[in-house]
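Per-entry structural report
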Amino acid sequence: MNAMTAKLVVEGLCHHYPDEYTGESVHALEDINLELYEGELVSVVGPSGCGKSTLLNILAGLLPYKVGKASVDGKVIEGPGPDRGVVFQEHAILPWRTVSRNIGHGLEIRGLPKEEISRRVQEYVDLVGLSGFEDKYPHELSGGMKQRCAVARTLCADPIVMLMDEPFAAVDAQTRITLQEELNRIALATKKTILFITHSVDEAAFLADRCLVFSARPGRLKQIVTVDIPREKRIWENMNADAEFIRCRDEILRLVREEVSVAIEE
Amino acid sequence: MQSKSKGPSLAWRFQRLLQIDAMNLVILIIGVYIVWSIISALIDNPARYLPSPIAVALSSVDMLYKGLLPSYFGDTLMRLISGSIIGLAVGIPFGLVLGINRTVADMFHPIMNFFQSVSGIAIFPIVVIWWGNSDKTIFAVILYTAFFPIAFNVLSGVREIPIRYISAARTLGASRFQVIKDVLLPGAMPHIATGSRLSIGFAWRAVIAGEMLAGQQGLGWMIFTGQDADRTAEVVLGMMLIGVTWIILDHYLLRPFEADTIERWGLVQR
């Protein structure tokens, strides 16, 4: 890891926000420090309300922060930008654009020539397995296909870091497993640097090179679990017999449950 | 999830609409004709209270021959078209501009809702006080009537666009202008379609009312003077023209546009 360069760096990040109903200040994040190295997939798990989505929104530039520092490729994050692509939880592809026009949106915004856009769109349509659906509108797609389209849209804009906010939480269990395997394949093929937020321990262990376990509110980095399984070997069929996967998953599960019980006792 | 074709084309649907309509229309016209003829035959003094369909048809021939009908109809239609086009052309950007900023949108929403509910007829007296019984007065009332429903709908449409669509575009690097062009405007399209239909529908009523009150020719003028001059056939003829014109306009122009937008946006699935 040391030989690699850190693409995303977060130092001493704290965040408070006023509660929507009571107006009381909520302490969401406390002294977050993390580094994402080039080509690495890092997952973030933690109990509900641990601030993992808040962290993602700050990194996406959608939520302003005051305390601490976050930067991508040495550039301090001050707002949304194409250097950070985001895959949202659900229904964030534009319903009035076809699959290919959604996927090419980032390049269109950048003002690339049409031929260049359609060439690159086709590449990502194929990568996520949406061939034959290029001219469909989102309402004609299944939940899993919508998320594939969302992933392709983000990848096609070629961000330095891809931020994923529980992207597979809203699809059915079967589809979720397929999408996880596909993301693994995509991570292997594209060598993208990915931050993956999830509340699913299995998902976090399956996808991550490193898994960051967050504590209950205020969110702190509780522990880092390194998952040492080559991407080529990550297929769900094999995982149930994979000693490393089981060890990591159980470790993450234990850490998360400690936090859940803390949250309940409070 | 199997791949299905892009869905029926607009032309195809238009054709089907015509076919089904043709059948229903024939039945409807015959039915109305029979009931109307019977009632007209049963009452005393039908020429004053309810002339028969034939009498109305004859009066239309008479008015066509004199050139009054095309002239009145043309006046009314021109007022509707110019008033609606200008109303929409001003109302859409206005609603959009108000809708862009959420704070401004929330502030203006009740005001716009207020004006959209005060009908053109209700503002007629004040406009007459300003400009008298003139073409200007009629035009002002039509413009007012067309403007608020569309502006209000566009404003609502922009406000209702999920923030995640805007966030998604911003994280793809969209500028403020690109967010408006790629998210807010297309996102408000179903509301723009609905609002346009409402605006034109209200404007149509306002044109007729305006012509009756301000007396500057047109279909409204025709039915108003028809009553004064005891020419009931002309009154009925005018009413029929008003209704039929709207049905044609709505059915073959406004509704398909609205339905197509809403369907493409995936709000309704066939």
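Computed from a predicted structure; not experimentally measured.

**Things to note about the packing of aromatic side chains**
By the definition in use, this model includes 11 aromatic pairs over all chains. Each ring, one from W96 of chain A and one from Y165 of chain B, has its centre 5.8 Å from the other, and the planes form 90°; the classification is edge-to-face. One end of the pair, W96 of chain A, is in the loop between β6 (84-87) and α2 (99-103); the other, Y165 of chain B, is in helix α8 (residues 163-171), on a second chain. No difference in accessibility class separates W96 of chain A from Y165 of chain B, as the two residues are buried. The interplanar angle of 20° and the centroid separation of 4.8 Å between the aromatic rings of F115 of chain B and F148 of chain B together place this pair among those described as stacked. Residue F115 of chain B is located in helix α5 (residues 102-117), and its partner F148 of chain B is located in helix α7 (residues 135-160); the two are separated by 33 residues in the primary sequence. Take F115 of chain B: its relative accessible area is 31%, and that puts it in the partly exposed class. The buried category is assigned to F148 of chain B, whose relative accessible area is 12%. Three or more aromatic residues joined by ring pairs make a cluster, and in this case those are F94, F114, F115, Y144, F147 and F148 of chain B.

**Some thoughts on the nonpolar core**
Note on soluble globular proteins: their nonpolar side chains tend to be buried together. Counting 61 residues, the largest nonpolar core has M112, V179, V183, L184, L219 and M222 of chain B as the members making the most contacts within it. Sorting elements by how many residues they give to this core places α7 of chain B first, with 14 residues. Sequence-distant contacts of M222 of chain B, that is, excluding residues within four places in its chain, are made with M63, L69, Y72, E234, L237 and G238 of chain B. Within the second largest apolar cluster, 51 residues are counted, among which are V45, M162, V213 and M239 of chain A.

**So, the interface of chain B and chain A**
Contact with chain B, which involves 25 residues of that partner, is made by 31 residues of chain A. The interface formed by chain B and chain A includes one salt bridge. A salt bridge links D182 of chain B to R97 of chain A, with the shortest nitrogen-to-oxygen separation between them at 3.8 Å. By residue number, the principal contributor to the side of chain B that touches chain A is α8 of chain B, which donates seven residues.

**Observations concerning the confidence of the model for chain B**
All names here are of chain B. Summarising the model, chain B shows a mean pLDDT of 87, and 93% of its residues fall at 70 or more. Overall, residues 1-5 carries pLDDT values under 50, and its contacts beyond four positions in sequence, including any with other chains, amount to 11 contacts. The complex prediction reports pTM at 0.81, with the ipTM value standing at 0.89.

**Some remarks on α5 of chain B**
Residues and elements named next belong to chain B. Its 16 residues give α5 an end-to-end C-alpha distance of 22 Å, which sits within 8% of 22 Å, the value for a rise of 1.5 Å per residue. A bend of about 35° at F108 is the largest found in α5, and the proline P110 appears one to four places after it. Here α5 has its buried residues at A105, H109 and M112. The elements touched by buried residues of α5 are α4 (68-100) and α7. Taking the backbone nitrogen of T103 as reference, a side-chain oxygen 2.9 Å away marks N101 as the first, capping residue of α5.

**A closer look at the side chain of T245 of chain B**
All names here are of chain B. With respect to the secondary-structure elements, T245 resides in helix α12 (residues 232-264). At 2.5 Å, the side chain of T245 and the backbone oxygen of L241 are in polar contact. Among residues more than four places away in sequence, those in contact with T245 are F73, L77 and W204.

**Here's the deal with empty space enclosed by the protein**
Residue and element names in this part refer to chain A. The final tally for this structure, using the stated rule, is two cavities of 30 Å³ or more. The wall of the largest cavity is formed by V128, Q147, R148, V151, F168, L179, E182, L183 and I186. Residue assignment for the lining of the largest cavity shows that the elements contributing at least two residues are α5 (143-156) and α6 (173-190). Per-element tally for the lining of the largest cavity: the top contributor is α6, with four residues. Residue composition of the lining of the largest cavity, by class: six nonpolar, one polar and two charged. By volume, the second largest cavity is sized at about 40 Å³. The set of elements that each furnish at least two residues to the lining of the second largest cavity consists of β6 and α5. Here the lining of the second largest cavity gets four residues from one element, more than from any other, and that element is α5. Looking at the lining of the second largest cavity, its residues break down into five nonpolar, two polar and two charged.

**Quick word on unusual backbone geometry**
One non-glycine residue, D31 of chain A, lies in the positive phi region at around 45°. On the secondary structure map, D31 of chain A appears in strand β2 (residues 25-37). Residue classification places D31 of chain A among the partly exposed positions, given a relative accessible area of 42%. Even without being a glycine, D230 of chain B presents a positive backbone phi close to 65°. On the secondary structure map, D230 of chain B appears in the loop between α11 (218-228) and α12. For D230 of chain B, a relative accessible area of 44% gives the class partly exposed.

**What to know about helix α4 (residues 114-127) of chain A**
Residues and elements named next belong to chain A. Here α4 is 14 residues long and its end C-alpha atoms lie 20 Å apart, about the 20 Å a rise of 1.5 Å per residue gives. Among the residues of α4, I117, R120, V121, Y124, V125 and L127 are the ones counted as buried. Buried residues of α4, seen end-on, are gathered within an arc of 155° and therefore sit on one face of the element. Tucked into the core, α4 has its buried residues touching α2, α3 (105-110), α5 and α6. The positive-phi residue at the C-terminal boundary of α4 is G129, with phi of around 75°.

**A short note on the sheet that holds strand β10 (residues 221-226) of chain A**
Residue and element names in this part refer to chain A. The sheet built from six strands is open, its strands ordered β6-β7-β8-β3-β9-β10 with mixed pairing. Here the strands that pair on one side only, and so sit at the sheet edges, are β6 and β10. Adjacent strand axes in the sheet meet at a mean angle of 20° when their direction is disregarded. Here five bridges tie strand β9 (residues 210-214) to β10, and the two strands are oriented antiparallel to one another. Considered in β10, the bridge of V213 is made with Q223.

**Overview of the sheet that holds strand β5 (residues 75-76) of chain A**
The strands that make up a sheet are held in pairs by hydrogen bonds between backbone atoms, and each pair lies either parallel or antiparallel. All names here are of chain A. One open sheet accounts for four strands, arranged β2-β1-β4-β5; its pairing is antiparallel. The open sheet has two edge strands, β2 and β5, and neither has a second partner. Two elements, strand β4 (residues 67-72) and β5, share two bridges in a ladder whose sense is antiparallel. Of the residues in β5, the one forming a bridge with V72 is K75.

The rules behind the values
Residues numbered from 1 in each chain as written. Chains lettered and ligands numbered in written order. Predicted model: local features only at pLDDT ≥ 70, side-chain atom pairs only at ≥ 80, totals over all residues. Heavy atoms only, no water. Phe/Tyr/Trp six-rings, centres within 6.5 Å; stacked < 30°, edge-to-face > 60°. Helix = DSSP H or I, 4+ residues; strand = E, 2+ residues; numbered from the N terminus. Buried < 20%, exposed > 50% of the residue type's maximum accessible area, 1.4 Å probe, protein only. Core = buried A, V, L, I, M, F, W, Y, C linked by side-chain atoms within 4.5 Å. Contact = heavy atoms within 4.5 Å. Salt bridge = Lys/Arg side-chain N within 4 Å of Asp/Glu carboxyl O. pLDDT = per-residue confidence, 0-100. Expected span 1.5 Å × (residues − 1). Bend = angle between axes of the 7 residues up to and from the residue. Polar contact = N/O pair within 3.5 Å; in protein donor to acceptor, adjacent residues only side chain to side chain. 1 Å grid on protein atoms, 1.4 Å probe; cavity = no way out; pocket = protein on both sides within 12 Å on 5 of 7 lines; lining within 4 Å. Points joined across faces, edges and corners; volume = space filled by probe spheres on them. Nonpolar A, V, L, I, M, F, W, Y, C, P; charged D, E, K, R; others polar. Arc of directions from axis to C-beta. Pairing = 2+ DSSP bridges. Axes fitted to C-alpha atoms, helices over the stretch in contact; angles between N-to-C directions.

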